[in-house]
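Per-entry structural report
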Amino acid sequence: MIGRMKGIMTLACFLGAGFLVATLLTVQPSFAAALSPDDCIKCHDQAPMDIDTDGRRHKTDITCVDCHEGHPPRDLDIIPPCSNCHADTPHFELEGCMTCHNNPHTPLTISLTDNLTDPCLTCHTEQMAQLQQNQSAHTQVACSKCHREKHGFIPECSHCHSPHTEEMTNQDCLTCHMPHMPLAVTYPEDTPSKSCAACHDEAYELLIASQYKHKELLCATCHKEKHMTIPKCSDCHGSPHPAAMMTKFPNCGDCHGLAHDLNK
Ligand code: HEC
Ligand code: HEC
Ligand code: HEC
Ligand code: HEC
Ligand code: HEC
Ligand code: HEC
Ligand code: HEC
Ligand code: HEC
Ligand code: HEC
Ligand code: HEC
Ligand code: HEC
Ligand code: HEC
């Protein structure tokens, strides 16, 4: 080492100090440049294998040495921060990139803990808007409690709830409930009355036991579309009786009883 320094000093004296500085500055980069990505695999097997199988755009758009500059022999930190190349969007302002992207050599293998909401909002805002504008217990459930483990996973309701009736499938749940606004219940006109009967057995029993034509109708034919809608008789029957009679008895129910049991 001392011998080498001496040699360089002598060389420096001979050629001038300017040349020395230039030499020291160029030596390291040229050494690093001599290592090509093909060399890495001679000493490392895991990283090249990961990149090869699932490196995605870290495989196609860049190479090992775009990230790991100058190794060896330079004794520097050759682990790059993600921000070297990803910056200036809300997503890239997040802390701890590698808590989710936990292997930079397979960047789209993403693992999620079950308490995440804010990081999701760097890309998805629509769902949060729905959850907030339609307050329900789901507003307090973290996104990744439902969309768990793997990005894009869609949960079944039955993971957390039992169905109202045994025969209900997950698809049925979604015909009445939207997951991000579960209390805004809407349903199609062909919804089987049994689905309503799960909670309204009294109305159901009364209707099917009655002797009038309303029993042929589905609950959803009268209580259209949105839960808790109450129809007016005139929606379907218009004005069936003379106006004079209706002035005297303004309510249809005065003579016809209940919609579910006209007899009463
Ligand atoms: C001649 C063998 C050899 C070659 C070729 C080689 N490395 Fe290394 N590399 C090592 C050794 C030895 C270590 C230290 C391992 C340890 O500390 O466990 C290391 C460590 C590393 C580390 C970890 C550094 C840290 O701070 O933890 C990275 C990253 C790395 N090498 C990348 C590369 C890349 C990229 C290439 C190809 C451009 C490459 N290596 C080529 C031998 C080599
Ligand atoms: C997108 C940038 C990026 C690319 C491209 C990349 N790495 Fe890495 N590499 C990293 C980061 C970041 C770490 C630190 C990982 C950690 O802390 O767990 C790392 C860690 C390493 C390590 C040490 C830890 C380990 O996994 O053994 C080695 C060795 C390594 N890389 C080699 C390579 C090789 C070889 C290539 C090319 C085949 C490569 N890297 C491509 C970013 C990259
Ligand atoms: C040397 C530059 C560089 C570094 C450092 C780097 N990346 Fe990348 N990364 C790229 C490029 C280039 C792309 C492809 C174009 C783009 O998406 O910007 C990319 C793409 C990605 C993708 C999308 C992959 C795909 O196939 O669509 C993810 C995820 C990613 N990077 C995560 C990370 C994370 C996490 C880190 C830090 C551990 C990191 N990157 C560090 C350059 C880099
Ligand atoms: C809470 C988990 C999480 C954290 C933290 C996180 N990401 Fe992501 N990232 C994701 C998910 C999920 C995707 C979407 C992947 C997809 O589209 O398949 C993604 C996509 C990406 C992409 C590709 C799409 C794009 O917008 O370019 C890049 C690049 C990226 N992340 C880089 C980063 C960087 C850099 C950091 C740290 C500043 C980071 N991520 C922090 C979860 C995370
Ligand atoms: C970097 C941006 C980014 C981040 C962060 C991100 N996503 Fe995504 N997400 C996407 C993209 C892009 C898609 C694909 C959209 C498409 O296919 O139309 C997607 C799709 C989804 C899907 C739909 C999958 C399907 O089958 O329709 C769900 C669910 C999802 N993300 C949940 C989440 C959750 C939960 C988080 C937070 C842990 C999150 N995302 C974080 C970009 C992101
Ligand atoms: C109670 C469970 C639950 C919670 C909490 C939840 N989701 Fe969902 N999400 C679902 C279900 C179930 C679907 C599938 C809906 C379908 O197939 O019609 C879905 C669908 C999605 C989709 C696909 C596109 C769409 O809107 O249908 C995205 C993106 C998404 N959720 C993101 C999020 C984000 C971001 C959060 C947090 C702000 C979140 N979700 C909270 C259950 C949930
Ligand atoms: C990760 C668990 C989870 C999943 C998956 C889930 N929920 Fe929930 N849900 C909850 C929790 C927690 C509550 C509040 C406590 C309770 O009622 O059990 C809740 C409450 C509800 C409520 C009552 C809301 C209120 O404010 O009273 C409805 C309706 C509901 N869920 C429907 C659904 C439907 C439909 C699905 C499928 C699309 C679903 N949930 C999927 C966790 C979940
Ligand atoms: C025919 C429409 C319909 C179907 C199908 C349906 N629900 Fe409901 N659900 C409702 C109505 C209406 C409420 C009451 C909402 C309220 O209290 O305002 C409700 C309430 C709930 C609640 C709140 C707690 C409770 O029991 O009152 C949960 C949880 C729930 N549904 C989960 C589910 C699940 C899971 C499925 C699928 C197996 C499902 N629902 C299918 C209409 C339906
Ligand atoms: C999970 C249980 C559940 C299911 C399933 C359900 N409901 Fe309800 N329903 C309720 C609750 C709870 C109320 C509120 C009761 C109260 O406030 O006294 C209600 C109230 C009603 C009301 C009365 C509104 C008012 O102003 O008095 C009507 C009408 C109604 N439901 C129709 C239906 C129809 C039609 C279906 C099937 C498409 C249905 N419900 C399915 C739980 C349910
Ligand atoms: C012919 C139209 C019609 C049909 C079919 C019908 N309803 Fe109703 N329902 C009404 C009307 C109108 C009211 C308001 C009270 C009245 O005038 O009798 C009502 C009231 C209700 C109420 C609130 C008062 C109460 O009785 O508890 C519930 C709950 C209800 N219906 C549920 C149902 C269910 C469940 C079914 C199917 C089994 C059903 N309805 C079928 C028209 C109908
Ligand atoms: C969604 C439409 C709808 C609503 C709302 C409705 N009805 Fe009807 N109603 C019918 C239909 C359909 C019939 C059968 C007509 C036929 O077959 O000729 C019927 C039949 C009747 C009949 C004759 C019964 C029979 O067995 O012959 C009476 C009386 C009647 N409705 C009264 C009422 C009253 C009172 C109300 C309000 C409390 C009401 N309806 C609300 C659709 C409706
Ligand atoms: C003063 C008592 C009274 C009132 C109030 C009344 N009705 Fe009637 N309605 C009758 C009588 C009586 C009949 C004939 C009964 C029969 O034929 O069985 C009848 C018959 C009907 C029929 C059956 C016609 C047919 O073709 O069989 C319908 C539908 C009807 N009414 C609807 C209504 C509606 C809707 C209202 C409120 C706007 C109403 N009624 C108010 C006494 C009344």
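This one's a predicted model, so the numbers in the text were calculated from it and none came from an experiment.

Moving on, we get to the overall build of the protein. The helix and strand tally for the protein stands at 16 helices and zero strands. Here the protein, with 264 residues, has 14% of them falling under the buried criterion. Only carbon and sulfur atoms are counted for the fraction: they give 62% of the accessible area of the protein, which is about 20,200 Å².

Close to ligand 11 lie 15 residues; Lys-213, His-214, Cys-233, Cys-236 and His-237 are nearest. Between ligand 11 and His-214, the relevant distance is 2.8 Å, taken from a nitrogen atom to a side-chain nitrogen or oxygen of the residue. If you list the elements that add at least two residues to the shell around ligand 11, you get helix H13 (219-222) and helix H14 (233-237). With three residues, H14 is the largest single contributor of residues to the shell around ligand 11. When its residues are assigned to classes, the shell around ligand 11 shows nine nonpolar, four polar and two charged.

Let's shift gears to the coordination of the iron atom of ligand 12. For the iron atom of ligand 12, every protein donor is listed as His-241 (NE2) and His-256 (NE2), and the spread of their distances is 2.0 Å. Viewed at the metal, the six donor atoms of the iron atom of ligand 12 are separated by angles of 88 to 180°, and the geometry they form is octahedral. Taken as a pair, His-241 in the loop between H14 and helix H15 (243-248) and His-256 in helix H16 (residues 253-256) lie far apart in primary sequence, 15 residues in all. On the accessibility criterion, His-241 (33% relative accessible area) is partly exposed. Assessed through its relative accessible area of 40%, His-256 is described here as partly exposed.

In the region of ligand 3, 17 residues are neighbours, and Arg-56, His-58, Cys-82, Cys-85 and His-86 sit closest. Contacts to ligand 3 include His-86, whose side-chain N or O atom sits 2.8 Å from a nitrogen atom. Sorting the residues of the shell around ligand 3 by element identifies helix H5 (57-60) and helix H6 (64-67) as the ones contributing at least two each. Along the lines of polarity and charge, the residues of the shell around ligand 3 split into ten nonpolar, three polar and four charged.

With that settled, the discussion passes to the environment of His-159. Locating His-159 in the fold gives a position in the loop between helix H9 (143-146) and helix H10 (170-176). C-alpha of His-159 to C-alpha of Cys-146: the two residues are 13 residues apart in sequence and 8.9 Å apart in space.

Basis of the calculations
- Residues numbered from 1 in each chain as written.
- Chains lettered and ligands numbered in written order.
- Predicted model: local features only at pLDDT ≥ 70, side-chain atom pairs only at ≥ 80, totals over all residues.
- Heavy atoms only, no water.
- Helix = DSSP H or I, 4+ residues; strand = E, 2+ residues; numbered from the N terminus.
- Buried < 20%, exposed > 50% of the residue type's maximum accessible area, 1.4 Å probe, protein only.
- Areas by Shrake-Rupley, 256 points an atom, 1.4 Å probe, with all protein chains shown as cover.
- Near = heavy atom within 4 Å.
- Polar contact = N/O pair within 3.5 Å; in protein donor to acceptor, adjacent residues only side chain to side chain.
- Nonpolar A, V, L, I, M, F, W, Y, C, P; charged D, E, K, R; others polar.
- Donors = N, O, S within 2.8 Å, 3.2 Å for Na, K, Ca; no water.
- Tetrahedral: all angles 85-135°; square planar, octahedral: opposite > 155°, others 65-115°.

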